[in-house]
Amino acid sequence: MLRWRGLDEVPADWGRCVLTIGVFDGVHRGHAQLISRAVAAARQRGIPSVLMTFDPHPMEVVRPGSHPAQLTTLARRAELAEELGIDVFCVMPFTAEFMKLTPERYAHEVLVERLHVAEVVVGENFTFGKKAAGNVDLLRQIGDRFGFAVDGVTLVAEHAVTFSSTYIRSCVDAGDMSAATEALGRPHRVEGVVVHGDGRGRQLGYPTANVAPPMFAAIPADGVYAAWFTVLGHGVDLGTVTSGERYMAAVSVGTNPTFSGRTRTVEAFVLDREADLYGQHVAVDLVERLRGMEKFDSVDDLIVAMGNDAKRAREILTTSGDVG
């Protein structure tokens, strides 16, 4: 898969393509349907498929300070798009100038002149251009004028719930990882670099990897979770943990109220493994919330609870098998 940042990276001899457009945060089941439609259309036409996403999130430019919690990093989005068969992952810098393009200029300058689209695949609620004035009907009219097709795809819904990034963020925020998993098609992932914490977990017999996620990352509600833990990369041995392999973990999200903590942390206790993980880029795939965050009367009570958490996490993850 090719990766472009901005339209300046489009090759001079670029031909026609099938394009799908969106933020695609989460690359959830609805997004997967859109992407798969674009990939299938491109293969049928014998031309490349292109996914166009945006950085930063358009909301941060339209209304500074309103950046939504981020379900997936750009790198993770690219990885998931590649798994779905996309040929080119194009990140458009979302600037104040880009935001001011009228729908007509947006379509002509970006889709026609630069990307030479033969077909555009978008969700039925797709909007584009200045003040989101363009919609699928207008895009079809422009397509008729410039010779490209438009496929407006019905949004994926189950149980009267339409799967959207906003809905999944609300699930994550509430700690409902089962609902998030159903909508995403896989557990919600929190990535980050392992940093030094206060070392208290090791003192209690449960050494944890203190994961520092990137800014805006969607962190679930405070509590303890069963999760899969992976050091990103491939084939490097770090103690009894190998990068690229997945391990069971119990993950604590919160402020450590038993010790009057104030800083919100994501701490992963990897079951049955020992490793020096400092500085490693890791992923935590959250499967199920075990309990809310509690303040215990004594350290001994906390240690008992942590033992129970590890046992329950093991049971849940063993049952869940290869979901993830």
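I will try to describe carefully the structure that is included in this document.

Conventions used here
- Residues numbered from 1 in each chain as written.
- Predicted model: local features only at pLDDT ≥ 70, side-chain atom pairs only at ≥ 80, totals over all residues.
- Heavy atoms only, no water.
- Helix = DSSP H or I, 4+ residues; strand = E, 2+ residues; numbered from the N terminus.
- Buried < 20%, exposed > 50% of the residue type's maximum accessible area, 1.4 Å probe, protein only.
- Contact = heavy atoms within 4.5 Å.
- Phe/Tyr/Trp six-rings, centres within 6.5 Å; stacked < 30°, edge-to-face > 60°.

1. Description of the environment of Lys130
With respect to the helices and strands, the residue Lys130 is situated in the loop between β5 (117–123) and α6 (136–146). The class of Lys130 is partly exposed, set by a relative accessible area of 40%. The spacing of Lys130 and His57 is 73 residues in sequence and 15 Å in space, taken between C-alpha atoms. In this structure, Lys130 is in contact with Met99, Lys100, Leu101, Thr102 and Pro103, ignoring residues within four places of it in sequence.

2. Re the packing of aromatic side chains
Under the definition given, this model contains 8 aromatic pairs. Plain terms: the ring middles of Tyr106 and Phe128 are 5.4 Å apart, the flat faces sit at 55 degrees to each other, and that makes the pair tilted. A residue pair is termed long-range when its members are at least 10 positions apart, and Tyr106 in helix α5 (residues 103–114) and Phe128 in the loop between β5 and α6 qualify at 22 residues. Of the two residues, Tyr106 and Phe128, neither departs from the other in class, the shared state being buried. Plain terms: the ring middles of Phe126 and Phe128 are 5.5 Å apart, the flat faces sit at 10 degrees to each other, and that makes the pair stacked. A relative accessible area of 11% means that Phe126 is categorised as buried. Members of the aromatic cluster, each reached through a chain of ring pairs, are Phe54, Phe94, Phe98, Tyr106, Phe126 and Phe128.

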